[in-house]
Amino acid sequence: TAEYRKTMDLALAVAGPQPSAVGEILSYGVLLSNHGANAATHPEVHAALPKNLEFVSASGEGWSCTGVGLVRCSSEPLLPGATSRSLLLTLRAVLPGEVFSTIKAIRGAEVDVNPDNDVVLVHNQIESEPPLFRDRFEGGNLVAWESQP
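Scope of this entry: the structure provided in the associated data block. Note that the structure is a prediction, hence the values are computed from the model and not measured. (Residues numbered from 1 in each chain as written. Predicted model: local features only at pLDDT ≥ 70, side-chain atom pairs only at ≥ 80, totals over all residues. Heavy atoms only, no water.)

1. With respect to the overall build of the protein
Condition: Helix and strand labels come from DSSP, where a helix needs a run of H or I of at least four residues and a strand needs a run of E of at least two; each type is numbered from the N terminus. Remark: exposure states derive from per-residue accessible area (1.4 Å probe, protein chains only) relative to the maximum for the residue type, with buried under 20%, exposed over 50%, and partly exposed in between. To be clear on the numbers: accessible area is Shrake-Rupley with a 1.4 Å probe, and residue cover counts the displayed protein chains and nothing else.
Per the secondary structure count, the protein includes 0 helices and 14 strands. The order of α-helices and β-strands along the protein, N terminus first, is β-β-β-β-β-β-β-β-β-β-β-β-β-β. When each of the 149 residues of the protein is scored for burial, the buried share is 32%. Element-wise, carbon and sulfur atoms account for 53% of the exposed surface of the protein, whose accessible area totals about 8,700 Å².

2. Digging into the sheet that holds strand β3 (residues 20–21)
Where strands meet in a sheet, backbone hydrogen bonds hold them as pairs that are either parallel or antiparallel. Let me state the cut-off plainly: In this scheme, strands are said to pair when DSSP sees at least two bridges between them.
On the basis of which strands lie adjacent, the open sheet formed by 6 strands has the order β3-β12-β10-β5-β8-β7 and mixed pairing. Where the open sheet ends on each side, the last strands, each with one partner, are β3 and β7 (63–66). Relative to strand β8 (residues 70–75), strand β5 (residues 44–48) runs antiparallel, the two being bridged by 5 bridges. Across the sheet, the residue bridging to Ala48 is Leu70, located in β8.

3. Observations concerning the side chain of Thr90
Our working definition: The contact criterion used is simple: two residues touch if any of their non-hydrogen atoms lie within 4.5 Å.
Mapped onto the secondary structure, Thr90 falls in strand β9 (residues 83–93). A relative accessible area of 13% places Thr90 in the buried class. Leaving out residues up to four positions away in the same chain, Thr90 has contacts with Ile25, Leu26, Ser27, Glu54, Phe55, Val56 and Ser57.

4. Notes on the nonpolar core
As a reminder, the rule being used: In this text, buried Ala, Val, Leu, Ile, Met, Phe, Trp, Tyr and Cys residues form a nonpolar core when linked through side-chain atoms within 4.5 Å.
Counting residues in hydrophobic clusters, the biggest one holds 27 residues, and the most contacted among them are Leu12, Leu32, Val45, Leu89 and Ile103. Elements represented by at least two residues in this core include exactly β2 (10–15), β4 (25–34), β5, β8, β9, β10 (97–106) and β12 (119–127). The residues touching Ile103, leaving out its near neighbours within four places in the chain, are Leu12, Val14, Val30, Val45, His46, Ala47, Leu89, Asp118, Val119, Val120 and Val122.

Here it is in structure tokens:
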């Protein structure tokens, strides 16, 4: 006898911040949808964080998240028919450099009929803290910009 497994179609969309500086908070909006014919019984979102990002928090109705380098968020069942569940990932930039994060939808027991829409690669640039400058005047004339201590 052939084994029958229910199918669904999780789809992931991610909106992220503009380039940031070390110490700043970055927020990624994650939207998980089920375009399939059956419920996704145990959907998860995994966010693989590079060394220049630190996990601060995650929030969203129906989500529970844990982790450090790999943040794992699990959700209540996601009903079929383009129902959506949003998640806000809050991170802190800790080191300068280019950032590539992979955010992935993970399915439970069901078969995902379109796995191509389950992964989003997020790119960002983290700059060092910008130097602070002040004007130096002599006799009412600007003579130099000096960095602040």
